[in-house]
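Spelled out from the first residue to the last, the chains are:
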Amino acid sequence: MIGRMGLGRVITRSLSSVEPALSQKLTIQPAIERSPTDLLNALSETVGPDTTAPHFAYIDDPITIPSTQSTKKTYFMAKEFGKRAARELATEWPTLFAFDRDQPQLPVFRPRHLADPLQVEPTENNLLKMISSREVKDSCILYERMRSENVDVSEKVQLELFRLVTYYNSSNVPFAEWEEFVGMRNFGEDSTSSWKSGAVADLLFETLPKTDETVSIMIAGLCKFSDHSSLERARELYKEHRAAKGKVYREAFNGLIGASSYSVGKKLVAEMISLRMTPDIFTFNALLSSAAKAGKFEDRVKAFTEIIGEMKEIGVEPALSSFHLIIKNIIDFKLLDNEKRESDEQKKTYNHQLTVAISWLNEIQNSLTGKTLKPITSTCNLFFVEAMGIHYRAANENLAENLVSIYESKANEVKMPAFTIESMFYNRQLQLAVEQSASLNRIYDLYTTMVPRLVGVNNYLSSLVFRKLAASSDRHWPLLRRVIIDGIAAGQMNGVIGEEMRKQLCNVQLHTLGTSEREQFTSLVQKLVAVWVEFSQFTEERMRRLQRKLSPSQISECALLLTRIGEQQKAYELLDLLLDETASSGDEATVYPRGHARPWAMAELFEDALRKRDTYAAATCLQIMSLTANRAKLEPLANRIFEKCNVNQEQVRIIQGFIRLRPQ
Amino acid sequence: MHRLTHVSTRNRSSLAEKLRNAVGGQDFGKAKQIVAGGSIAVKDEHGEDFRELYVMPKRKLRGQTQLEQATGRTEYKTRSRFDLMDRLTKRPPRSEEMDPEAQKWCDVWPAARTFASSVVPLPVRMGTRPNVEKRAPFKKEGNLELVKIPNFLHLTPPAIQQHCQAIKKFCTPFPPELLSNPSATCQHLPISIEYSTYIHQGTSIRDIRSRVVTMKIHVAELKLSENQMEKLIRLAANRYDEKTGKMTIITDRCHTRQQNLDYAHYLLTVLYHEAQKVEKWDELKNRTDALKVEFDGSNTKTKLIDLLEKAKLTPGLSPSAAGCGDQKSIDEFGEMWKAYRNSEETVEKTREYGRQMKKLLGIQQ
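Residues numbered from 1 in each chain as written. Chains lettered and ligands numbered in written order. Predicted model: local features only at pLDDT ≥ 70, side-chain atom pairs only at ≥ 80, totals over all residues. Heavy atoms only, no water.

1. Focus on the overall build of chain A
Which entries qualify depends on this criterion: Labels follow the DSSP assignment, with helices taken as runs of H or I lasting at least four residues and strands as runs of E lasting at least two, numbered in each case from the N terminus. With C-alpha atoms as the basis for the radius of gyration, the globule rule is written as 2.2 Å multiplied by the number of residues raised to the power 0.38. The criterion used for residue contact is that any of the two residues' heavy atoms lie within 4.5 Å.
The helix and strand tally for chain A stands at 30 helices and zero strands. Computed over C-alpha atoms, the radius of gyration of chain A comes to 36 Å, more than 25% over the 26 Å expected from 2.2 N^0.38 for 664 residues, which places it beyond the range of a compact globule. For chain A, the spread of C-alpha atoms along the three principal axes comes to 110 × 90 × 60 Å. In chain A, 67% of the contacts between residues at least 6 apart in sequence involve partners at least 24 apart.

Structure follows, in structure tokens:
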């Protein structure tokens, strides 16, 4: 400060001198106001999504990038449980972590131990601390301990505790509200529970005076965790309080409306209006929930129309959760399952309801385009996945793309939880696009953009892409290679997907591939065959559960692929397994004893052997084909061996004798 | 790749093996021996087969097995490792799938990060080899040298251009007077302040070097008189640079940068006001107290004038030389002499001294 004042005097002295002033003044614009993070926000706008990278929560490495949804969950939770294990270690051996040289000291990074309700002193301050940190069960235990030890608890503290235990039904906070551990918040599954009778909430309700607030809280809690008895009790409380000229809060009305039928809900709304309470978005959501309980489709649509009309009349803007309730309940629940739509009448009804649902969604999406979407209730994000489900069932790709653009626009602040609901959303979008698109290039672009970043590799998607590749007359090697590599990483090699992989690879025309693509084909086939053979060799007792024996069809297809890439020796070593009895029986067996080789594969192998004039390879193919063919089919093949290959009289006699022993 | 050879005993020969035996393969002799041995049925007097002599067991001897192991001809039966599923989950490097046309690099590498070989789509090599002409340096996969060094892959020219475009809205235009007349910067902005900010990733984010503040002042803009300027220069001592006309004040004695900045302003204020003070002892200044050696009043000037008077009486010199002995020539010599005495001595300056002396005395080259 002294320096600045001195500098001011210096400037004053200079300005007061007799020398003339500067010819022109300096024009300096005032600084542009900005917040501390404005620069960072401006720079972050230059960064778009990296479509080849995994989610930012994973380590960017080929080994640690997950391919399937289960692997994503495993890797994500592994980090979190590692953090928890570290905290357990720090709690158990605190002296090892006593040395702390962090500058500056940040208490937020220090572990905070939760108070034990059985050890802590039973005072109101400790109870209030537990209540403010939302430790519901610990608060209940401490409160009961205070009551048992005859410690006085003021009415104010009891009211705070009553609010907490009624809101959470005397249970701990659900996983969706966890702040510290994001893994449990994403993947934790809360169980819906009914009201706990005789718990601390009921005890406090009996203790506290029956005011408008306490009765409303109780009614709202009973309706939130509703079963038959709690609903009856809520209605009784409502009638008693109304008979005593008491006033019920809006939250209680919302709970009662949501738990009742539509006609009763409308009456309750009328009572709200008579009490000069304006319905809000939560009231209308509750009314939509009650309207969804109507059994008939026409009644539900009529009720939805009335409610939306009332909202527009009053000026209440519908939330995404309102739209979610509507589109979720338009179609009859029993018609959603494709297997149960047996009769034509049911199919016709389903199509009609689907058309109505699409019409509603079209209007909804038109109204949502360009608007700023903010989360109002906790179920706003479910609208997107439900709408995508409707689009998927109706095979409407245009509306699906519009929905994705609405979700991914900057104006949308409602986000679905990653890895669970968002993955389902994008999975449906990708499957719909793959089914509807006729261009393999577009399928390839969509697939590489979304898998495995947004959508995990799954059997249905792989089968769908393979079906598209088989049905199309064009060839798209990058897409086929990518899907097979994803299948390898996802562990889909054994089973129907593995069969599909071999089938698609056999259909590849090698002469249409370029040089680098041919090298890719060669390495891919080598890897696949090596892995399949390795799976078959888990013959030790303790690892036999991992064994997947080679089937004859698998062996023939692998041999054909190996022959095409120029590895005849390995191909015929594989084929020899089919003729080796010890390979399919006993403890060391690696071949499945049932099944047959592919006739078309063996035929191609036979032709290839004849082309190369390899007598022994042709004999091997002939012997393998003789397992399924009769003598009439084998004689022309033997004659072709005699024509093409150099065989002497002894070999001719052996082959003819071999054929003569085959059955007719 | 995987070896598909199995060590197994066949119960029956396959068709291919029979064909090989028919053309006289490597087992031809053994087959003949078996046939020949089987056909000679030797019976003893009781009608039983004659037992063959036991010489070697029907298995490989221990020495035979060791010889095969030593020469590498042993056939091992391979076993599958239990971590096959974990090894299969490895994906190919994602740099193989990057499309340079459809994807922007600043999306892949938006900020500074450690080198990742699976992300960078360049065939980078780094390291040393004894003979680099025989083997190239190590590739990027598994190369720890690339992980150690800082890379600037996030500061590609397109990325920098995008960053500048993004933060342009927070920039005010440059003063137009300075754009049209760059030399006016010293007039309008005579003081410049320099400091450094350090970034750490350790246990402490502080750095003791951040407190240093360097202030540079263009002294001419202080509008001081000649005497005041001389006094300021004396007070500043080595902080004043005569070539650039700037005074540098470096402060680092306080703990924080703000305190050091305030102290620098304080020092400037004190120097300015001290330079303007006039004391009584200022009037006692004489020639020897000047910052530079002056030609007027020096012994050299007196001796030079005497020398010139004597030179006029000497017949050897040219008395009719132009400029010989007049005041203009003496002043010109004085200027050269002053520069010679007040700066570092060089060969050129010495030669210039000689030329001026000859010119003054009228000595021809």
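Moving on, there is more to tell.
2. Digging into the environment of Met277 of chain A
Take Met277 of chain A: it is sitting in the loop between α12 (262-274) and α13 (281-291). Met277 of chain A sits 32 residues away from Gly309 of chain A along the chain, and the two C-alpha atoms are 19 Å apart.

3. Details of the interface of chain A and chain B
For clarity, the cut-off: The buried area of a pairing is the accessible area, by a 1.4 Å probe, that goes missing from both parts when the two are put together, added over both. Note on definitions: salt bridges are taken to be side-chain nitrogens of Lys or Arg within 4 Å of carboxyl oxygens of Asp or Glu. Any pair of N or O atoms that falls within 3.5 Å is considered a polar contact. Within protein, one atom must be able to donate a hydrogen and the other to accept it, and sequence-neighbouring residues count only if both atoms are side-chain atoms. When residue character is reported, Ala, Val, Leu, Ile, Met, Phe, Trp, Tyr, Cys and Pro are called nonpolar, Asp, Glu, Lys and Arg charged, and the others, Gly included, polar.
Listed per partner, the contact involves 89 residues of chain A and 79 residues of chain B. The contact between chain A and chain B buries some 7400 Å² in all, and 59% of this surface belongs to carbon and sulfur atoms. Seen at the junction of chain A and chain B, the total is seven salt bridges. Viewed at the interface, chain B and chain A are joined by 13 residue pairs in polar contact (both at pLDDT 80 or more). Taken together, the elements giving at least two residues each to the side of chain A that touches chain B come down to α1 (2-15), α2 (38-44), α22 (477-490), α24 (515-536), α26 (568-579), α28 (615-625) and α30 (649-660) of chain A. In terms of residues, the side of chain A that touches chain B owes the most to one element, α1 of chain A, which gives nine residues. In terms of residue class, the side of chain A that touches chain B is built from 43 nonpolar, 22 polar and 24 charged.

4. Let's talk about the nonpolar core
Definition in use: The nonpolar core is taken to be a set of buried Ala, Val, Leu, Ile, Met, Phe, Trp, Tyr and Cys residues, with the residues joined through side-chain atoms within 4.5 Å. Buried means the residue's accessible area, taken with a 1.4 Å probe over protein chains only, is under 20% of the maximum for its type, while exposed means over 50%, and partly exposed covers the values in between.
Counting 189 residues, the largest nonpolar core has Phe383, Phe384, Phe425, Leu505 and Phe521 of chain A as the members making the most contacts within it. When neighbours within four sequence positions are excluded, Leu505 of chain A is seen to be in contact with Trp477, Leu480, Ile484, Phe521, Leu524, Val525, Leu528, Leu561 and Arg564 of chain A.

5. Observations regarding the side chain of Glu386 of chain A
Residues and elements named next belong to chain A. Cut-off, in case you're wondering: This count recognises Lys and Arg as positive and Asp and Glu as negative, with His and chain-terminal groups excluded.
Looking at the element boundaries, Glu386 is found in helix α17 (residues 382-394). One buried charged residue, Glu386, forms no salt bridge at all, with the nearest opposite charge on Arg393 at 4.6 Å. Not counting residues up to four positions away in its chain, the partners in contact with Glu386 are His324, Ile327 and Lys328.

6. What to know about the UniProt feature "repeat: PPR" (unreviewed entry) in chain A
Quick reminder of the rule: UniProt positions are given in the numbering used here, feature names are shortened, and annotations may be inferred rather than shown by experiment.
The UniProt feature table records "repeat: PPR" (unreviewed entry) at residues 280-318 of chain A. Annotated as residues 280-318 of chain A, this span is 74% helix and 0% strand, and its ends, taken at the C-alpha atoms, are 10 Å apart.

7. Looking at the sheet that holds strand β3 (residues 240-241) of chain B
Residues and elements named next belong to chain B. Keep this limit in mind: DSSP calls a pair of strands paired once it identifies at least 2 bridges connecting them.
Sheet architecture is open: four strands sit in the order β1-β2-β4-β3, paired in antiparallel fashion. A strand with exactly one partner marks an edge of an open sheet, and here the two such strands are β1 (191-194) and β3. Relative to strand β4 (residues 246-251), β3 runs antiparallel, the two sharing two bridges. Within β4, the position partnered with Asp241 by the bridge is Lys246.

8. A word on the domain arrangement of chain A
Quick reminder of the rule: Per the annotation, domain bounds derive from an automatic or database assignment of domains.
With domains assigned, chain A is organised as domain 1 (319-436) and domain 2 (509-664). Domain 1 of chain A and domain 2 of chain A are separated by 50 Å when their C-alpha centres are compared.

9. So, the pattern of salt bridges
In total, this model carries 37 salt bridges over all chains according to the counting rule given. Here Arg94 of chain B and Asp50 of chain A are joined by a salt bridge, their closest N and O atoms 2.9 Å apart. With Arg94 of chain B in the loop between α4 (84-88) and α5 (105-108) and Asp50 of chain A in the loop between α2 and α3 (69-92), the pair connects residues from two separate chains. For Arg94 of chain B, a relative accessible area of 5% gives the class buried. Overall, Asp50 of chain A belongs to the buried group, its relative accessible area being 11%. One salt bridge connects Glu397 of chain A with Arg442 of chain A, and the closest N-O pair in it is separated by 2.9 Å. Within this pair, whereas Glu397 of chain A is found in helix α18 (residues 397-408), its partner Arg442 of chain A is found in helix α20 (residues 440-450), the two being separated by 45 residues in sequence. The class of Glu397 of chain A is buried, set by a relative accessible area of 16%. In this structure Arg442 of chain A comes out as partly exposed when scored by relative accessible area, which is 29%. Where salt bridges share partners, they join Asp50 and Asp60 of chain A together with Arg94 and Arg113 of chain B into one cluster.

10. Focus on helix α27 (residues 599-611) of chain A
Residues and elements named next belong to chain A. Note the following rule: The length a helix should cover is 1.5 Å for every residue beyond the first.
Here α27 is 13 residues long and its end C-alpha atoms lie 18 Å apart, about the 18 Å a rise of 1.5 Å per residue gives. Along α27, the residues that are buried comprise Ala601, Met602, Leu605, Phe606, Asp608, Ala609 and Leu610. If you follow the buried residues of α27, they end up packed against α25 (552-564), α26, α28 and α29 (631-644). At the C-terminal side of α27, Arg613 shows a positive phi close to 55°.

11. Observations regarding the domain arrangement of chain B
Assigned domains within chain B: domain 1 (14-71), domain 2 (94-169), domain 3 (202-284) and domain 4 (293-361). Using C-alpha coordinates to define each centre, domain 2 of chain B is positioned 46 Å away from domain 3 of chain B.

12. Description of the packing of helix α15 (residues 320-329) of chain A against helix α16 (residues 344-368) of chain A
Axes are the key here: two packed helices are described by the angle between their axes and the distance separating the axes. Residue and element names in this part refer to chain A. Note the following rule: Whenever a helix is involved, its axis is fitted only over the stretch in contact; in every case the axis is a line through C-alpha atoms, and angles between N-to-C directions fall within 0 to 180 degrees. Throughout, the term roughly parallel applies to angles under 35 degrees, roughly antiparallel to angles over 145, roughly perpendicular to angles from 65 to 115, and oblique to all others.
At a minimum axis distance of 11 Å, the contact between α15 and α16 shows a crossing angle of 170°. With respect to α16, the axis of α15 lies roughly antiparallel. Facing Leu320, Phe323, Ile326 and Ile327 of α15, the residues of α16 in contact are Trp360, Leu361, Ile364 and Leu368. Here the residues of the contact of α15 with α16 are counted per class, giving eight nonpolar, no polar and no charged.

13. Quick notes on a nonpolar patch on the surface
Residues and elements named next belong to chain A. For clarity, the cut-off: Exposure above 30% relative accessible area and the lack of any salt bridge qualify a residue for a patch; like charges then connect within 9 Å, and the nonpolar side chains Val, Leu, Ile, Met, Phe, Trp and Tyr within 5 Å. Method for areas: the Shrake-Rupley scheme with a 1.4 Å probe, in which residue coverage is limited to the protein chains shown.
A cluster of nonpolar residues, Leu89, Trp93, Leu96 and Phe97, forms a patch on the protein surface that exposes about 450 Å² of accessible area. Position of Leu89 relative to the elements: it lies in helix α3. Assessed through its relative accessible area of 42%, Leu89 is described here as partly exposed.

14. Things to note about the confidence of the model for chain B
Detail in the predicted coordinates should be disregarded across regions flagged by low pLDDT. All names here are of chain B. Spelled out, the test is: Values of pLDDT, the confidence the predictor places in each residue, fall between 0 and 100.
Taken as a whole, chain B shows an average pLDDT of 81; of its residues, 84% reach a score of 70 or greater. Note on residues 1-12: pLDDT is under 50 here. Beyond four places in sequence and across chains, it has 28 contacts. Within the model, pLDDT remains below 50 along residues 35-39, and this stretch shows zero contacts once partners closer than five positions in the same chain are excluded.

15. Thoughts on unusual backbone geometry
All names here are of chain A. Omega for the bond connecting Val451 with Pro452 falls within 30 degrees of zero, at -5°, which places this linkage in the cis form. Within the secondary structure layout, Pro452 lies in the loop between α20 and α21 (459-471). Phi angles above zero are rare outside glycine, and Ser170 is one such case at about 60°. Along the chain, Ser170 turns up in the loop between α6 (155-168) and α7 (182-187). Non-glycine residue Arg613 carries a positive phi angle of around 55°. Relative to the elements of secondary structure, Arg613 occurs in the loop between α27 and α28.

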